[in-house]
Every structure is written in C-alpha cells, then in structure tokens.
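Survey of secondary and tertiary structure
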Amino acid sequence: MKNRLERKNQKAERRASSTSRSHFPKFGVLDAVIILLVIAIVVGIYFRYSFFDALNSVKNMKECHVYFETQNTVQSHLNTLKTGDRFYLKSNGEEFGTLTVESEEKPLPILTYPAVHNVVINGKTYADVEYPQNVEDPLIYGTGIILANCAVMEDGSFLLNGSTYISAGQSYSVCTENATITITITNIEETDQN
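Residues numbered from 1 in each chain as written. Predicted model: local features only at pLDDT ≥ 70, side-chain atom pairs only at ≥ 80, totals over all residues. Heavy atoms only, no water.

1. Digging into the overall build of the protein chain
Helix and strand counts for the protein chain stand at four helices and eleven strands. When each of the 194 residues of the protein chain is scored for burial, the buried share is 25%. For the protein chain, the share of sequence-separated contacts (at least 6 apart) that also reach a separation of at least 24 residues comes to 64%. For the protein chain, the exposed area adds up to about 13900 Å²; of that, 55% sits on carbon and sulfur atoms. (Helix = DSSP H or I, 4+ residues; strand = E, 2+ residues; numbered from the N terminus. Buried < 20%, exposed > 50% of the residue type's maximum accessible area, 1.4 Å probe, protein only. Contact = heavy atoms within 4.5 Å. Areas by Shrake-Rupley, 256 points an atom, 1.4 Å probe, with all protein chains shown as cover.)

Pasting the structure below:
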C-alpha cells in the first residue's frame, strides 16, 4: 500500500512539474489568422507605394523637348552629332533621348558659337575673350534639343523614362555612339504631339 501511495505521489509531482515547465501559451488558429493579417497589411502597403506608383508614372509618360547647352566643348565632338543620334546617361547607361531639331526652318541639331569668357583682372571685367578659332580643335558653346520620354508629375517635375528626376539647371554627362559631352538642361517642355 505504501508503494502504491508513493507511486501516486511521484506521478502527481511529475504532472505538476511538467505543467510548470511549459510557460509558453499554446499556438492556436486565431494566432495564425492574426499573423497572416499583419503580413497581408505589410504587403499591401508595399504595393501601394511601389507597384501602383510605378504604374501611375508610366501612364503619365509624355514626349518632351529637353533644351540643353554645352560649354567649352571640343568642336570635333559636336561635329559628330547628327539628328536622330541617341543620347545615354554616362552614369548608368539609361537612354536619355534622341537629338532632334527645333523646326524644319532650323535643320541643324546643334547650334554652335565660339566659347566666350569674361576676363576679370583685379576685380574688373575687361573684355569678352573668344577661344581662338584658328586652332585645330577649338572649344565652342552649343545648344540643342533632345526628344525624351518623361513622366510628368503632378507638381510639374519630370522623371526621365519614369525613373530619373531631371530639371533645368542640372548637368549630365551623356554619351552617343561617337562622343561623350556634358550638357546642362536649360528648359523642359511637353511636345504639342501629346
């Protein structure tokens, strides 16, 4: 009888110690549903701010004229450019656009002028000095227009190909098949064709 009583006490002690060991609550169906809802909310927020914004910028894509200037550029680089040349950003290879002309009356894609600088000596401006034109490859100033695909944002800003922000006053190093030049954007306008 004593053995039986001792065995019962030992079993009761084991049960009590096993229940006191597990401090973790049981994982139930309701817990799984709550975790799945939290994951669905996080995924929904991600898609709202990435996927749908990307779709929205693609819907707002328009052809734009990007007016640019290039200063102190070697004349031979600008002479290689012709209407229809594709420009690419040197930094990441993204297509910038196609060199175009302003109108049928102005068939040159790049208008060039001698590069001019003000000479300042002792704080006074003395004269405009042109780089010599009698050298083999003089530095020149040029202006032109690139036809680019831009997303026009609600605030009037432009995203080149819907991804790269561009604005007047910014400079970019661009490449063509034959030359690499640095351009400064002077203006961006939507074309009348849209």
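So, next bit.
2. So, the pattern of salt bridges
Tallying each qualifying case throughout the model produces three salt bridges. Residue Asp85 pairs with Lys82 through a salt bridge whose shortest N-O separation is 3.3 Å. Assessed through its relative accessible area of 11%, Asp85 is described here as buried. Across the salt bridge formed by Glu95 and Arg86, the nearest N and O atoms sit 2.5 Å from each other. On the basis of relative accessible area, Glu95 is assigned to the partly exposed category, the value being 29%. Judged by relative accessible area, which is 42%, Arg86 ranks as partly exposed. (Salt bridge = Lys/Arg side-chain N within 4 Å of Asp/Glu carboxyl O.)

3. Observations regarding a nonpolar patch on the surface
Taken together, the side chains of Phe27, Ile35, Leu36, Ile39, Val43, Tyr46 and Phe47 make up a nonpolar region of the molecular surface, amounting to roughly 740 Å² of accessible area. For Phe47, the position within the fold is in helix 2 (residues 29-49). (Patch = residues over 30% accessible without salt bridge, like charges linked within 9 Å, V, L, I, M, F, W, Y side chains within 5 Å.)

4. Some points on the nonpolar core
Core analysis: the largest hydrophobic core is formed by 24 residues, its most contacted members being Val66, Phe87, Phe96, Ile166, Tyr172, Val174 and Ile183. Counting residues per element, this core draws most heavily on strand 7 (residues 139-152), which supplies five residues. The contacts of Val66, once residues within four sequence positions are left out, are Phe96, Gly144, Ile145, Ile146, Ala148, Ile166, Ile185, Asn187 and Ile188. (Core = buried A, V, L, I, M, F, W, Y, C linked by side-chain atoms within 4.5 Å.)

5. So, the confidence of the model for the protein chain
Summing up the model confidence of the protein chain, the mean pLDDT is 77 and the portion of residues at 70 or higher is 69%. Ranking the helices and strands of the protein chain by mean pLDDT puts strand 2 (residues 86-89) first, with 93, and helix 3 (residues 51-59) last, with 56. (pLDDT = per-residue confidence, 0-100.)

6. Quick word on the environment of Lys62
Inspection of the secondary structure puts Lys62 in strand 1 (residues 61-74). Using a relative accessible area of 32% as the deciding quantity, one classes Lys62 as partly exposed. A C-alpha to C-alpha distance of 9.2 Å links Lys62 and Asn161, two positions 99 residues apart in sequence.

7. Considerations on the side chain of Thr70
Within the fold, Thr70 resides in strand 1. Within the structure, the side chain of Thr70 is placed 3.0 Å from the backbone oxygen of Thr182, a separation counted as a polar contact. Beyond its immediate chain neighbours, meaning those up to four positions away, Thr70 contacts Leu78, Ile140, Tyr141, Gly142 and Thr182. (Polar contact = N/O pair within 3.5 Å; in protein donor to acceptor, adjacent residues only side chain to side chain.)

8. With respect to the side chain of Thr100
Of note, Thr100 is situated in strand 3 (residues 95-100). We classify Thr100 as buried; its relative accessible area is 18%. In contact with Thr100, not counting residues within four places along its chain, are His65, Thr83, Pro109, Ile145, Ile146 and Leu147.

9. Looking at the state of the cysteines
All chains considered together, the criterion is met by zero disulfides. Cys64 takes part in no disulfide bond, and the closest cysteine sulfur, belonging to Cys150, lies 4.1 Å away. Among the residues examined, Cys64 registers a relative accessible area of 0% and is labelled buried. (Disulfide = S-S within 2.5 Å.)

10. Observations regarding unusual backbone geometry
Phi at Asn161 is positive, roughly 55 degrees, even though this residue is not glycine. Structurally, the position occupied by Asn161 is in the loop between strand 8 (158-160) and strand 9 (164-166).

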